[in-house]
Amino acid sequence: MATESAPYKLVLLRHGQSDWNEKNLFTGWVDVDLTDKGREEAVRGGELLVEKGIAPDVLHTSLLRRAITTAHLALDRADRHWIPVKRSWRLNERHYGALQGKDKTQVREEYGDEQFMTWRRSYDVPPPELDDSDQYSQAGDPRYADVQDAPRTECLKDVLDRFMPYWEQEIVPDLQAGRTVLVAAHGNSLRALVKHLDGISDDDIAALNIPTGIPLYYELDEDLRPVVAGGQYLDPEAAASSIQAVANQGKK
Ligand SMILES: O=C(O)[C@@H](CO)OP(=O)(O)O
């Protein structure tokens with residue numbers, strides 16, 4: 001799959017289906033587990049890496065078990081379970097604020113299509129903040145003890161702002177050292193990265209959805225620009241139907 005002229009190799013992997021993906025709930029920073037289907041998707045993701053001859057040298061993940069477990073299952077299948085791992089809250093899913101734990105269809109019905117899509121896919125309008133006393137708040141969670149001003153809600157722009165320093169300081173140096181980098185993360189943190197890589201406008205990013213468990217492979221040139229715009233899903237057919245399912249969430 002490798003191109004001679006492309007020096008850098010990057011694989012993006014959204015976690016497999018989670019319990020709350022299945023239940024149709026806004027998830028954000030709530031640390032839910034994978035479903036059995038999600039685990040199967042993760043193993044299939046590893047198989048696809050083997051089939052395409054892509055061998056990650058280093059893994060970057062969020063602090064959430066659905067990404068951590070997906071990466072482990074995929075890498076285990078690819079016999080690359082032993083590679084170094086770096087974890088950061090900066091790769092976490094978008095903090096979904098007061099929507100965390102809420103049913104997507106109910107929110108759509110209660111607030112209407114426009115408000116629902118604004119909260120879900122607008123670039124710069126965050127949902128209302130989540131109260132620290134809420135059962136789905138991460139206030140006091142030890143894994144975020146070192147995070148200054150940890151978010152209580154985020155829009156996609158906020159995710160980009162916290163992801164980019166990590167990209168520049170941790171991921172780019174790995175790429176430049178010649179390592180094939182696997183980033184195992186989330187629908188919206190990966191949308192932020194794809195927006196940056198492909199130079200997608202603030203408006204157009206609303207229509208971009210990332211499927212669960214299917215590796216998205218990018219070759220990047222010297223300037224860290226994609227050789228193929230949008231990268232390449234290692235299973236394009238499965239990706240297309242899963243992207244449609246993500247786009248349709250919240251519809252009856
Ligand atoms: O609930 C969430 O955290 C995300 C990802 O599952 O959902 P959405 O696709 O609606 O942004």
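Residues numbered from 1 in each chain as written. Predicted model: local features only at pLDDT ≥ 70, side-chain atom pairs only at ≥ 80, totals over all residues. Heavy atoms only, no water.

Caption draft 1: Structural detail: helix H4 (residues 104-111). When we look at burial in H4, the residues that qualify are Lys104, Thr105, Val107 and Arg108. Summarising the axial view, the buried residues of H4 lie within an arc of 165°, below the 170-degree limit, and thus occupy one face. Facing away from the buried side of H4 by over 90 degrees, the exposed positions are Gln106 and Glu110. Residues of H4 that are buried in the fold lie against helix H5 (113-121). The residue sitting at the N-terminus of H4 and contributing the capping side-chain oxygen is Asp103; that oxygen lies 2.9 Å from the backbone nitrogen of Thr105. At the exit of H4 stands Gly112, carrying a positive phi of roughly 90°. (Buried < 20%, exposed > 50% of the residue type's maximum accessible area, 1.4 Å probe, protein only. Helix = DSSP H or I, 4+ residues; strand = E, 2+ residues; numbered from the N terminus. Arc of directions from axis to C-beta. Contact = heavy atoms within 4.5 Å. Polar contact = N/O pair within 3.5 Å; in protein donor to acceptor, adjacent residues only side chain to side chain.)

Caption draft 2: Summary view of the site of the ligand. Close to the ligand lie 13 residues, the nearest being Thr27, Gly28, Tyr96, Arg120 and Arg121. The contact in question runs from an oxygen atom of the ligand to an N or O atom on the side chain of Tyr96, over 2.7 Å. Contacts to the ligand include Asn188, whose side-chain N or O atom sits 2.8 Å from an oxygen atom. Look at the ligand: alone it shows 320 Å² of surface, and the protein chains cover 98% of it. Structurally, the ligand is housed in the largest cavity. Here the shell around the ligand is composed, by residue class, of three nonpolar, five polar and five charged. (Near = heavy atom within 4 Å. Areas by Shrake-Rupley, 256 points an atom, 1.4 Å probe, with all protein chains shown as cover. 1 Å grid on protein atoms, 1.4 Å probe; cavity = no way out; pocket = protein on both sides within 12 Å on 5 of 7 lines; lining within 4 Å. Sits in = over half its atoms within 2 Å of the grid points. Nonpolar A, V, L, I, M, F, W, Y, C, P; charged D, E, K, R; others polar.)

Caption draft 3: Main features of the layout of surface pockets. Roughly 200 Å³ of internal volume is contained in the largest pocket. If you trace the largest pocket, you find it lined by Arg14, Gln17, Asn21, Glu22, Lys37, Glu41, Thr212, Ser242, Ala245, Val246 and Gln249. Elements supplying a minimum of two residues to the lining of the largest pocket: helix H1 (19-23), helix H2 (36-51) and helix H8 (236-247). Top element by residues in the lining of the largest pocket is H8. It accounts for three residues. Residue classes in the lining of the largest pocket are distributed as two nonpolar, five polar and four charged. (Points joined across faces, edges and corners; volume = space filled by probe spheres on them.)

Caption draft 4: Region of the structure containing the packing of aromatic side chains. Following the criterion strictly, the structure yields six aromatic pairs and no others. Here a set of aromatic residues connected by ring pairs shows up, and it is made of Phe26, Tyr96 and Phe116. Against the face of Tyr96 rests Arg94, its NZ or CZ located 4.1 Å from the ring centre. The residue whose ring lies beneath Lys104 is Phe26, and the NZ or CZ to ring-centre distance is 5.1 Å. (Phe/Tyr/Trp six-rings, centres within 6.5 Å; stacked < 30°, edge-to-face > 60°. Lys NZ or Arg CZ within 6 Å of the ring centre and 35° of its normal.)

These values are about where atoms sit, not about what they do.
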